[in-house]
Amino acid sequence: RGFVYDSRNNLQMRGLVVLLISKAAGPSTAELSFQHSMVSGIYSSQRSLAEITELIHTAFLVHRGIVNIGELKSCNGPLKDMQFGNKMAILSGDFLLANACTSLAQLQNTKVVELISSAIGDLVQGIYYENSKSSEENCLTDDIGISTWKEQVFLSHSALLAKSCQAAMELAKHSAEIQDMAFQYGKHMSMSHKLHSDLQPFVKESSSDTMAFSLNSAPAVLHQEFLGREAWIKQIRELQEAIKAGKGVTSAIDLCRCHGNRALAALERFPPSEARAALANIVYAVTRFP
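These numbers come from a predicted model, not from an experiment.

A. A look at the packing of aromatic side chains. The final tally for this structure, using the stated rule, is one aromatic pair. For the pair Phe-154 and Phe-183, a centre-to-centre distance of 6.3 Å together with 55° between the ring planes defines the contact as tilted. Within this pair, whereas Phe-154 is found in helix H5 (residues 145-171), its partner Phe-183 is found in helix H6 (residues 176-203), the two being separated by 29 residues in sequence. Like Phe-154, the residue Phe-183 is buried in the burial classification. The ring of Phe-154 carries the charged tip of Lys-187 above its face, separated from the ring centre by 5.7 Å.

B. Region of the structure containing the state of the cysteines. One pass over the structure, following the stated rule, counts zero disulfides. Here Cys-256 stays unpaired: no disulfide links it, and the sulfur of Cys-258, its closest cysteine neighbor, is 9.8 Å away. Looking at Cys-256, the relative accessible area reads 0%, which means it is buried.

C. The arrangement of the packing of H6 against helix H11 (residues 274-286) in detail. As a packed pair, H6 and H11 sit with axes 9 Å apart at the nearest point and diverge in direction by 30°. With respect to H11, the element H6 is oriented roughly parallel. Remark: the crossing between H6 and H11 carries left-handed chirality. Listed contacts from H11 to Tyr-185, Met-189, Ser-192, His-193 and His-196 of H6 are Leu-279, Ala-280, Ile-282, Val-283, Ala-285 and Val-286.

D. Here's a closer look at the pattern of salt bridges. Counting across every chain of the model gives five salt bridges. Put simply, Arg-269 and Glu-177 hold a salt bridge, and the shortest N to O gap is 2.8 Å. Of this pair, Arg-269 sits in the loop between helix H10 (248-267) and H11 while Glu-177 sits in helix H6, placing them 92 residues apart in sequence. Given a relative accessible area of 43%, Glu-177 falls into the partly exposed group. Among the ionic pairs, Lys-194 bridges to Asp-198, the shortest N-O distance being 2.8 Å. Of this pair, Lys-194 and Asp-198 are both found in helix H6, four residues apart, which corresponds to roughly one turn of the helix. Look at Lys-194 and you get buried, because its relative accessible area is 18%. Looking at Asp-198, the relative accessible area reads 33%, which means it is partly exposed. Beyond isolated ion pairs, a larger network of salt bridges with shared partners links Lys-111, Glu-170 and Lys-173.

E. Representation of helix H3 (residues 79-106) within the structure. With 28 residues, H3 extends 41 Å from end C-alpha to end C-alpha; this agrees with the ideal 40 Å at 1.5 Å per step. Among all positions of H3, only Asn-86, Ala-89, Gly-93, Leu-96, Leu-97, Ala-100 and Leu-104 are buried. Immediately downstream of H3, the backbone of Gln-108 shows phi near 55°, a positive value.

Parameters at a glance
Residues numbered from 1 in each chain as written. Predicted model: local features only at pLDDT ≥ 70, side-chain atom pairs only at ≥ 80, totals over all residues. Heavy atoms only, no water. Phe/Tyr/Trp six-rings, centres within 6.5 Å; stacked < 30°, edge-to-face > 60°. Helix = DSSP H or I, 4+ residues; strand = E, 2+ residues; numbered from the N terminus. Buried < 20%, exposed > 50% of the residue type's maximum accessible area, 1.4 Å probe, protein only. Lys NZ or Arg CZ within 6 Å of the ring centre and 35° of its normal. Disulfide = S-S within 2.5 Å. Axes fitted to C-alpha atoms, helices over the stretch in contact; angles between N-to-C directions. Parallel < 35°, antiparallel > 145°, perpendicular 65-115°, else oblique. Left-handed = near helix turned anticlockwise from the far one by under 90°. Contact = heavy atoms within 4.5 Å. Salt bridge = Lys/Arg side-chain N within 4 Å of Asp/Glu carboxyl O. Expected span 1.5 Å × (residues − 1).

What follows is the structure in structure tokens.
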């Protein structure tokens, strides 16, 4: 349940964006004969694509719940329970992904199948990189640079939405230019969303201990045990304040707004409508800071 609702907001954003971009673009001149099949300005195939996008995203969220058995301690619970949980995560994620692929084939559009398949490949690559980096001892000091960070975030967070928006335009037979604008909106809006999420521990007035950082390396855990919880939290907050005082936060906010502006620029190619205004409001929401 936590995958789709956090007790305050519905988290099924990707399918909504696909529907809104479909409605904002409207019918293409190449599909005038099929306008009778539209409901509220959206083709049934585009609605199916929105559901497929959400299924794929949820499937990968379930797969991310798999834990490394080798890193477990006795305090984490019985080993058999963890092994059973892993099996359920694998089977549940695979079931959702299989349903998504079946529905994707039923759209009978080879270009859309190619786009969404490549997005799934991007997700696998992005998650594999995240998992491999999290197990490295020097992951905290790894000098990847912001350009590499963007590439990694595109794979794990932006590719699915960007290519789904493009696929929605392909289903309506829109021009290559409109397809590219939809791709650019999905890409830059989701990049802004990720930056907005990463910035929360540094821009919120009060943040919880678990929200600030996730330091799971063995030296960090041992350091915390020797130091004590209170002294550990004090050090983390001092580091957080040092980051706030530096240029990293303001630069990240500028980068978030830069991607937001590029998403808004892509929307200019679409005719004015309530759907376009809603897509713009999504960008405004993730580029607004206190």
